[in-house]
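# Remarks on the overall topology
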Amino acid sequence: MSTIAFIGLGIMGSPMAVHLQNAGHRVIGYNRSPEKTQPLVAAGGTAAGSVAEAVADADVVATMLPDSPDVVDVLAGEDGVLAHARPGTLIIDFSTIRPDVTTELAGQATERGFRLLDAPVSGGEAGAKNAALSIMVGGGAEDFETATPYLEVVGKTIVHVGPAGSGQTVKAANQLIVAGNIGLLAEAILFLEAYGVDTTAAVRVLGGGLAGSAVLDQKAQKMLDRSFEPGFRIELHHKDLGIVTSAAREAGVTIPLGATVAQLMGAARAAGDGSLDHSALFRTLARLSGRDA
Ligand code: NAD
């Protein structure tokens, strides 16, 4: 059993840290707002007062932070992981950030004697709570092997997709697919409502055919109920669509549908919906049709 420092105990990080603690590891958690360490402490884990304190004795450091600047700060900052953890420590970054930032951080980590994997996840809050995440891992094959027992505690589908940064590239593709699905599901529900169709019956039958999807299973009811408690915040999906549109542009790949949904997600955020679940993209599409959001 290992000592694991877990930094970033939000919607996703908190249940993941609790699973690792419950699996028998010694988990030391750190979060900027300290009250978020409470579920980990209730599960028998420890709360640290700083990154330095959390990582001092760690065999493994896990991070689950919002965005690229947060990960750069926590890993490479003056008070960060690379400055305070023991060289050789395996760092697993579960956050969704820019692939080029990950590659740069992996280089710095290697230079300073650390091992870094990018391991962004998919499956949402439900996936984190049920330890059923899909995890796309970038980095060295040997490091992936070392990380696998930890990843298996929080995920179900765990795939090594290539060298450093590859996990983030696959995650960007994931976010493109999910955003497009959410947008079309919202349009379909608005269309069905406009015709006065029994939407519950419609969603049930759509779910059994080719239109069925994890997005439909997890998000249709939220749209029907106009209940948009996060979940995955619009703010974060806006960040991810920024990642995929700029990475696609750099690669010379044209993503017209992705670009449209990225604009709609930006509009949702600008309209004040940034802290709602990404299924609240429904509200932006409803407004475009002058319908009840
Ligand atoms: P969140 O905002 O709920 O959690 C992030 C946590 O990090 C917060 O508790 C915040 O206080 C903490 N934090 C921020 N900066 C910090 C710092 N410098 N030091 C310590 N703690 C700090 O976000 P989340 O929904 O858990 O998402 C985390 C990451 O996972 C994001 O990159 C997101 O895109 C990705 N993700 C989220 C979901 C989801 O459904 N919520 C699904 C897949 C991937």
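Predicted, not measured: the structure shown is a model, and the values here were computed from it. (Residues numbered from 1 in each chain as written. Predicted model: local features only at pLDDT ≥ 70, side-chain atom pairs only at ≥ 80, totals over all residues. Heavy atoms only, no water.)

## Details of the packing of aromatic side chains
Quick note on the threshold: By convention, a stacked pair of Phe, Tyr or Trp rings (six-membered ring in the case of Trp) has centres within 6.5 Å and planes under 30 degrees apart, an edge-to-face pair has planes over 60 apart, and any other such pair is tilted. Counting from the N terminus, the helices are the DSSP runs of H or I reaching at least four residues and the strands are the DSSP runs of E reaching at least two. Type-normalised accessible area, obtained with a 1.4 Å probe on protein chains alone, sets the label of each residue: buried when under 20%, exposed when over 50%, and partly exposed for intermediate values.
Inspection of every chain in the model, using the stated rule, returns three aromatic pairs. Seen from their ring centres, Phe-6 and Phe-94 are 6.2 Å apart, and the 10° between their planes marks the pair as stacked. Taken as a pair, Phe-6 in strand 1 (residues 3–7) and Phe-94 in the loop between strand 5 (90–93) and helix 6 (99–111) lie far apart in primary sequence, 88 residues in all. In this structure Phe-6 comes out as buried when scored by relative accessible area, which is 0%. Residue class for Phe-94 comes out buried when judged on its relative accessible area of 3%.

## So, the packing of helix 13 (residues 256–273) against helix 14 (residues 281–288)
Let me state the cut-off plainly: Note on geometry: axes are C-alpha line fits, over the in-contact stretch for helices, and angles between N-to-C directions span 0 to 180 degrees. Between 65 and 115 degrees an angle is taken as roughly perpendicular, under 35 as roughly parallel, over 145 as roughly antiparallel, and anywhere else as oblique. Between two residues, a contact is recorded if the distance between any of their heavy atoms is within 4.5 Å.
It is the contact of helix 13 with helix 14, at a shortest axis distance of 9 Å, that shows an interaxial angle of 95°. What the angle tells us is that helix 13 and helix 14 run roughly perpendicular. In this structure, helix 13 uses Val-261, Leu-264, Met-265, Ala-267, Ala-268, Ala-271 and Asp-273 to contact helix 14, whose residues at the interface are Leu-281, Arg-283, Thr-284, Leu-285, Arg-287 and Leu-288.

## Focus: the site of the ligand
Spelled out, the test is: Nearness is judged by heavy atoms alone; a residue qualifies as near a molecule or strand once a single heavy atom is within 4 Å of it. The definition of a polar contact used here is a pair of N or O atoms within 3.5 Å, where within protein one atom must be able to donate a hydrogen and the other to accept one, and adjacent residues in sequence count solely through side-chain atom pairs. Accessibility throughout is a Shrake-Rupley quantity obtained with a 1.4 Å probe, and a residue counts as covered only by protein chains that appear here. Note that Gly is not counted as nonpolar here; it falls among the polar residues with everything else outside the nonpolar set of Ala, Val, Leu, Ile, Met, Phe, Trp, Tyr, Cys and Pro and the charged set of Asp, Glu, Lys and Arg. The split of the chain into domains comes from an automatic or database domain assignment.
In the vicinity of the ligand there are 27 residues, among which Ile-11, Asn-31, Pro-66, Arg-233 and Lys-239 approach most closely. Between the ligand and the protein, one listed contact pairs an oxygen atom with a backbone N or O atom of Met-12 at 2.9 Å. Here an oxygen atom of the ligand and a backbone polar atom of Pro-66 are 2.9 Å apart. Relative to its free-state accessible area of 830 Å², the ligand is covered by the protein chains to the extent of 93%. Those elements that provide at least two residues to the shell around the ligand are helix 7 (124–129) and helix 12 (234–251). When residues in the shell around the ligand are grouped by element, the largest group, three residues, is from helix 12. Broken down by class, the residue content of the shell around the ligand amounts to twelve nonpolar, eight polar and seven charged. Each of domain 1 (3–162) and domain 2 (169–288) contributes no fewer than three residues to the shell around the ligand.

## A look at the environment of Ala-58
By secondary structure assignment, the location of Ala-58 is in the loop between helix 3 (51–55) and strand 4 (60–63). Judged by relative accessible area, which is 1%, Ala-58 ranks as buried. Spatially, the C-alpha atoms of Ala-58 and Thr-89 are 7.2 Å apart, while their sequence positions differ by 31 residues. With residues near it in sequence (within four places) discarded, Ala-58 still touches Thr-3, Ala-5, Arg-86 and Thr-89.

## A word on the UniProt feature "active site" (unreviewed entry) in the chain
Let me state the cut-off plainly: UniProt positions are given in the numbering used here, feature names are shortened, and annotations may be inferred rather than shown by experiment.
Following the UniProt record, one finds the feature "active site" (unreviewed entry) at Lys-171. Relative to the helices and strands, Lys-171 resides in helix 9 (residues 166–194). When residues no more than four places from it in sequence are discounted, the contact partners of Lys-171 are Thr-96, Pro-120, Val-121, Ser-122 and Met-136.

## A short note on the domain arrangement of the chain
Stated precisely, the cut-off is as follows: By convention, the term buried area covers the 1.4 Å-probe accessible surface removed from two parts as they join, with the contributions of both added. In what follows, salt bridge is the name for a side-chain nitrogen of Lys or Arg lying within 4 Å of a carboxyl oxygen of Asp or Glu.
The domain boundaries assigned to the chain delineate domain 1 (3–162) and domain 2 (169–288). Roughly 1100 Å² of surface becomes buried between domain 1 and domain 2 when both sides are summed, with 65% attributable to carbon and sulfur atoms. Broken down residue by residue, the surface that domain 1 buries against domain 2 is led by Thr-96, Pro-99 and Met-136, which jointly contribute 37%. Counting across the domain 1 and domain 2 interface gives zero salt bridges. In this assembly, domain 1 and domain 2 are joined by five residue pairs in polar contact (both at pLDDT 80 or more). Residue composition of the side of domain 1 that touches domain 2, by class: eight nonpolar, three polar and three charged.

## Overview of the pairing of strand 5
Basically, it comes down to this: DSSP-based pairing: two strands are paired if at least 2 bridges between them are found.
Alternating residues of strand 5 divide into Leu-90 and Ile-92 and Ile-91 and Asp-93, and every residue in both groups is buried. Here strand 4 runs beside strand 5; their pairing, made up of four bridges, is parallel. In the sheet register, Ala-62 faces strand 5, and the bridge partner there is Ile-92. Bridge count between strand 5 and strand 6 (residues 115–118): four bridges; the pairing is parallel.

## Some remarks on the nonpolar core
Where a protein is soluble and globular, its nonpolar side chains tend to be buried together. Inclusion rule: Only buried residues count toward a nonpolar core, which is a set of Ala, Val, Leu, Ile, Met, Phe, Trp, Tyr and Cys residues joined through side-chain atoms within 4.5 Å.
With 31 residues, the main nonpolar core has Leu-185, Ile-189, Met-223, Leu-241, Leu-281 and Phe-282 as its most contacted residues. Those elements that provide at least two residues to this core are helix 9, helix 11 (214–225), helix 12, helix 13 and helix 14. Looking at this core, the element that brings in the most residues is helix 9, giving eight residues. If we skip the residues at most four places from it in the chain, Leu-241 touches Gln-175, Leu-176, Ala-179, Val-261, Ala-262 and Met-265. Counting residues in hydrophobic clusters, the runner-up holds 28 residues, among them Met-16, Phe-94, Leu-133 and Ala-147.

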